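Architecture and fold: a report
Residues per chain are reported as follows:
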Amino acid sequence: MSTLSEPESPARPSHGLGLTALISTVISSSIGGGIFALTSDLAVAASPGPALIAWGIVGFGTLMLALSLNNLVTKRPDLEGIFSYAEEGFGKYTGFVSGWGYWISAWMGNVAFATVMMNAVGYFIPLFNSSNKIPSVIVTSIILWLLTLLVNHGIESAAVINSLITVCKLIPLFVFIVIAIILFKGQVFTVNFWGNVQSNVQGAIAPSSIGSQIKSCFIIMMWVFVGIEGATMLSSRANKKSDAGKATLIGLCGLVVIYILASVLPYGYFDRQTLAAMKQPAMVYIFRDMVGSWGGAMISLGLIISTLGSWLSWTMLPAETIRLMSKQELLPKIFSRKNKNGTATISLITSSALIQFFLLTLIFTDRAYQIAYSMCTVAITICYILVAAYQIKFSWHHLQEAGNKLQLWIGIGALLFESTAVYFSGIKYLIFCSIAYIPGSILFLMARKHRTQGGKMLSHKEWAGMAIILGCAVLALISLFNGSLRL
């Protein structure tokens, strides 16, 4: 590791991130392992009709969030990091809640990436199949620290590599989509379009009501959009602040098209029951059936590259989050210290150490991937809710300015969608996330005490908010130990 310098020391000058690199960050941060398991997960949740409706709802809601981020990046270029909007609008502690939640989401996502990547490696090397976990943990641990070393060498150079990885991992996805279009059978696609035929694959198929199926799709679809804010998180390193907003919108449009085609077209090749029972990652085995063994190998290789790219992005983002939070005095100053390459090494190592800890837990559970992506999705949705809330507040206070009435409604739409998504995704995951706020709140109070030096650290409302969150954390711990609440 490079020698640390004080926070105020100038970092080695480097070129900023351009529009292409920012778009690559959005796409690579979002397209990870989730898309390769998407079809089977959706088939468990819904038939094609409800799945398409759910895509429309989630796509529209995510568009409202992207438009909100675009508006705020443009009109408040002085704010750095997604949590800055919560801090500016609702106080220091709310900013901490948003930033800490984003950080939790970031490193939890890496646990999910590691799990699904080793499933793909197991396609080539049986030693790494799901029943033999210790070799997988060893390999993913090595990859974790290699990526940490790469990012420690400089975030901008890592982002350039990420752009190349994005191109490589999109190629097998496009090949899969083209072949799926060619082999698409309309009669297979429409035979159980609304899920009106009661069926059951080992108890996995969701209830047949359209509303229940749509609800079951939410956490699956929300997971694959995690990372849409990647360009916003790196806006302080962009050549132009406006490029971050453009990159978010362009990246979202591309993601919606890719996700819908990749997840819905297989309903026209296999029936829902077959898809739901498919071994994960499903895309590997669907494409193998379509074109032969070379297809499974190609998708597996694409999955490995894809998860490596996402893992790289999500190694950059949590370190950047902690650095910015420290810079804005939401965490102790030590987390903002940079090395000669401009990387906050302590922030980076802290995040990687927690990922390492959870990688070790893979040895003891068979649900690591589901738990990790569920926790990741719920934690980051809290950040999105606060972004939408600040979009509403900012637009309301500047209502007389051109375009802000529309921006107000965009913020309302984003807030309603994200709040609904948290409810549909599972309140229990939100309660468990509160446990992680116990050490975070201690660090926050340490930073505030140093800043205020005996003055008023928090307002009465902020103390009340902290008490509620920590109260939920205590209840979650009690419920976890007595077995009344399980993940």
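Now for a description of the structure that goes with this document.

Rules behind the numbers
- Residues numbered from 1 in each chain as written.
- Predicted model: local features only at pLDDT ≥ 70, side-chain atom pairs only at ≥ 80, totals over all residues.
- Heavy atoms only, no water.
- Helix = DSSP H or I, 4+ residues; strand = E, 2+ residues; numbered from the N terminus.
- Buried < 20%, exposed > 50% of the residue type's maximum accessible area, 1.4 Å probe, protein only.
- Contact = heavy atoms within 4.5 Å.
- Areas by Shrake-Rupley, 256 points an atom, 1.4 Å probe, with all protein chains shown as cover.
- Core = buried A, V, L, I, M, F, W, Y, C linked by side-chain atoms within 4.5 Å.
- Axes fitted to C-alpha atoms, helices over the stretch in contact; angles between N-to-C directions.
- Parallel < 35°, antiparallel > 145°, perpendicular 65-115°, else oblique.
- Nonpolar A, V, L, I, M, F, W, Y, C, P; charged D, E, K, R; others polar.
- Phe/Tyr/Trp six-rings, centres within 6.5 Å; stacked < 30°, edge-to-face > 60°.

1. Here's the deal with the overall build of the protein
- The helix and strand inventory of the protein stands at 20 helices and zero strands.
- When the 487 residues of the protein are sorted by exposure, 57% land in the buried category.
- Pairs at least 24 residues apart make up 84% of the contacts formed inside the protein by residues separated by at least 6 positions.
- Just so you have it, the protein exposes about 19,200 Å², and 68% of that area is on carbon and sulfur atoms.

2. Observations regarding the nonpolar core
- Grouped together as the largest cluster of nonpolar side chains are 137 residues, with contacts concentrated most on Ile31, Ile35, Trp55, Phe96, Trp100 and Tyr259.
- The leading source of residues in this core is helix 5 (residues 92-124), at 19 residues.
- Excluding anything up to four places from it in sequence, isoleucine 35 contacts Leu173, Val224, Ile258, Tyr259, Ala262 and Met283.

3. What about the packing of helix 6 (residues 133-152) against helix 15 (residues 345-361)?
- Contact pair helix 6 / helix 15: the axes reach a minimum separation of 10 Å and the direction vectors enclose 170°. In terms of orientation, helix 6 lies roughly antiparallel with respect to helix 15. Only Thr345, Leu348, Ile349, Ser352, Ala353, Ile355, Gln356, Leu359 and Leu360 of helix 15 make contact with helix 6, whose side of the interface consists of Val137, Thr140, Ser141, Leu144, Trp145, Thr148, Val151 and Asn152.
- Of the residues assigned to the contact of helix 6 with helix 15, the class counts are 10 nonpolar, seven polar and no charged.

4. Some thoughts on the side chain of serine 326
- Summarising the element assignment, serine 326 is placed in helix 14 (residues 293-327).
- In contact with serine 326, not counting residues within four places along its chain, are Leu331, Pro332, Lys333, Ile334, Phe335 and Ser336.

5. A look at the packing of aromatic side chains
- Tallied over the full model, the rule gives 21 aromatic pairs.
- Consider the rings of phenylalanine 287 and tryptophan 294, whose centres lie 5.8 Å apart with planes at 80°: the pair is edge-to-face.
- Among the residues examined, phenylalanine 287 registers a relative accessible area of 0% and is labelled buried.
- Residue classification places tryptophan 294 among the partly exposed residues on the basis of a relative accessible area of 47%.
- Taken together, Tyr93, Phe96, Trp100, Trp103, Trp107, Tyr437 and Phe444 form an aromatic cluster joined through their ring pairs.

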